[in-house]
Amino acid sequence: MFARLLKARLVLLLALATQGLGPALSFAQQTNIVYHQVSYTNAHPCPICLPPPWDDSGYPIFSSWGGGLVLDLDGDGQLDVGFADDDMSFYIFGFGSTRVLTYPPVCYPYGCEINSSLPVLGAGTTIGPTPPDPNLIWRETLYIIQPYTGTYNSCIDIGYPEQACSGFWQGVEGYTGVEFYISNEVHYAWIHVGVPFIGLQGGYVREYAYETRPNTPILAGAGKDSDHDGVWDFFDQCPDTPAGAVVDTNGCSIAQLCPCNGPWKNHGEYVKAVESVAARFVQEGRITEQQRAAIVKQAANSDCGKVR
Ligand SMILES: [Ca+2]
Ligand SMILES: [Ca+2]
């Protein structure tokens, strides 16, 4: 009965988890976000090698590794959140007044669960004073003697076979919303977590970022800019932009928008495309007229689009 109730609830919550948490793309890109990658000095051999597309980046939290992790998000010497794994659940707990975005604890006639399940937030989810979904709450996850936590991967028994587990965080990557304090003021943060294995507790804490302005929402994933072109990954339609290249609001350079080896019918078509994009870059104030002329000349002198 217990398992069946949980299963029904799980299906409902999974349905909810896929709604209403989509990207809020109206946000202007901000520069007051501090981003950190969580690194790990590989003192242990890889316990189970990860199949593609998973990799070992981030900090592993597996009970077999005997480890946990605590983060001081803003580096002020006050610990903000911790992670641990106890074979039954992989969880986050807060220090001080830190709260995490979670589903309310499940209640039964005889009482409520101590722990609650964390939603899998998608990139771009707004993390701020108002939960991004009416089914979510901000909850303190005090660590006293027994942790009172938000679980990523609660091993919910789904019946035969023994020890079969199901939870939101099974074989997925996603974001956790955190509310914490810097000098008595509320700040918002996201933490990127990956749980690569179905049925196994634990996962990887990969990276995090927080908004330096108090009481200001942050978008999950904001602040991460892998190709350093000034456009965050989840807005960036052109990954791996070469260093120093001028890009548009989508994070695309002229060379990425008009690749030499693109499906051009002929050289003329390639040059026209470069002319058009370069003209737009001038209009948008990204390059000078002089730069535009040089780019177009270079395109005209190239072999791009020529039938070989
Ligand atoms: Ca970028
Ligand atoms: Ca880019």
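Residues numbered from 1 in each chain as written. Chains lettered and ligands numbered in written order. Predicted model: local features only at pLDDT ≥ 70, side-chain atom pairs only at ≥ 80, totals over all residues. Heavy atoms only, no water.

A. The arrangement of the nonpolar core in detail. Of all hydrophobic cores here, the largest spans 45 residues; its most connected members are L71, L73, F83, I92, V178 and I191. Top element by residues in this core is strand β16 (residues 185-195). It accounts for seven residues. Among residues more than four places away in sequence, those in contact with I92 are V81, G82, F83, V100, L118, T141, T149, G150, Y152, T176, V178 and I191. If you look at the next biggest cluster of nonpolar residues, it comprises 14 residues, including V271, V274, A278 and I287. (Core = buried A, V, L, I, M, F, W, Y, C linked by side-chain atoms within 4.5 Å. Buried < 20%, exposed > 50% of the residue type's maximum accessible area, 1.4 Å probe, protein only. Helix = DSSP H or I, 4+ residues; strand = E, 2+ residues; numbered from the N terminus. Contact = heavy atoms within 4.5 Å.)

B. Broad picture of the coordination of the calcium ion (ligand 2). Distances from the calcium ion (ligand 2) to its protein donors, D227 (OD), D229 (OD), D236 (OD), D236 (OD), C238 (O), T241 (OG1) and G251 (O), fall within 2.3 to 2.6 Å. Within one chain, the residues serving as donors to the calcium ion (ligand 2) are arranged as D-x1-D-x6-D-x1-C-x2-T-x9-G. Distance-wise, the calcium ion (ligand 1) is placed 4.0 Å from the calcium ion (ligand 2), both being coordinated by D227. (Donors = N, O, S within 2.8 Å, 3.2 Å for Na, K, Ca; no water.)

C. Highlighting the coordination of the calcium ion (ligand 1). All of the protein donors around the calcium ion (ligand 1) are D225 (OD), D227 (OD), D229 (OD), V231 (O) and D236 (OD); their distances to the metal are 2.2 to 2.3 Å. Mapped onto the sequence, the residues coordinating the calcium ion (ligand 1) show the spacing D-x1-D-x1-D-x1-V-x4-D.

D. Structural detail: the packing of aromatic side chains. Taken as a whole and assessed by the stated rule, the structure comprises 15 aromatic pairs. Taken together, a centroid distance of 4.7 Å and an interplanar angle of 50° make the contact between F234 and F235 tilted. Accessibility expressed as a relative area gives 17% for F235, which makes it buried. Here the aromatic rings of W264 and Y270 are separated by 5.6 Å at their centres, their planes lie at 70°, and the arrangement is edge-to-face. For the pair formed by W264 and Y270, the shared burial category is buried. Among the aromatic side chains, those forming a connected cluster through ring pairs are F83, F90, Y152 and W169. (Phe/Tyr/Trp six-rings, centres within 6.5 Å; stacked < 30°, edge-to-face > 60°.)

E. Fine view of helix α3 (residues 267-283). Between its first and last C-alpha atoms α3 spans 25 Å; for 17 residues at 1.5 Å apiece the expected length is 24 Å, and the two agree. Elements in contact with the buried residues of α3: α2 (254-257) and α4 (289-301). The N-cap of α3, judged by a side-chain oxygen 3.2 Å from the amide nitrogen of G268 a few residues on, is N266. Positive backbone phi, approximately 75°, marks G285, located one or two places after α3. (Expected span 1.5 Å × (residues − 1). Polar contact = N/O pair within 3.5 Å; in protein donor to acceptor, adjacent residues only side chain to side chain.)

F. Local environment of the sheet that holds strand β12 (residues 150-151). The five strands are arranged β3-β4-β5-β12-β9 in an open sheet whose pairing can be described as mixed. A single partner strand is all that each edge strand has here, and the edge strands are β3 (69-71) and β9 (116-117). Two elements, β3 and strand β4 (residues 81-85), share three bridges in a ladder whose sense is antiparallel. When the sheet's bridge partners are listed, L69 is paired in β4 with F83. (Pairing = 2+ DSSP bridges.)

G. How the structure looks around the confidence of the model for the protein chain. Mean pLDDT over the protein chain: 81, with 77% of residues reaching 70 or higher. The low-confidence segment residues 1-27, where pLDDT is below 50, has 40 contacts with residues more than four positions distant or belonging to other chains. Within the model, pLDDT remains below 50 along residues 158-162, and this stretch shows four contacts once partners closer than five positions in the same chain are excluded. (pLDDT = per-residue confidence, 0-100.)

H. Structural view of the state of the cysteines. By the definition in use, this model includes two disulfides. Just so you know, C258 is unpaired, no disulfide at all, and the nearest cysteine sulfur is the one on C304, 9.9 Å from it. Classification of C258 as buried rests on a relative accessible area of 3%. (Disulfide = S-S within 2.5 Å.)

I. A look at unusual backbone geometry. Although it is not a glycine, N184 sits at a positive phi angle of roughly 65°. In this structure N184 comes out as exposed when scored by relative accessible area, which is 75%. Of note, the phi angle at D240 is positive, near 60°, even though the residue is not glycine. By secondary structure assignment, the location of D240 is in the loop between β18 (218-219) and α2.

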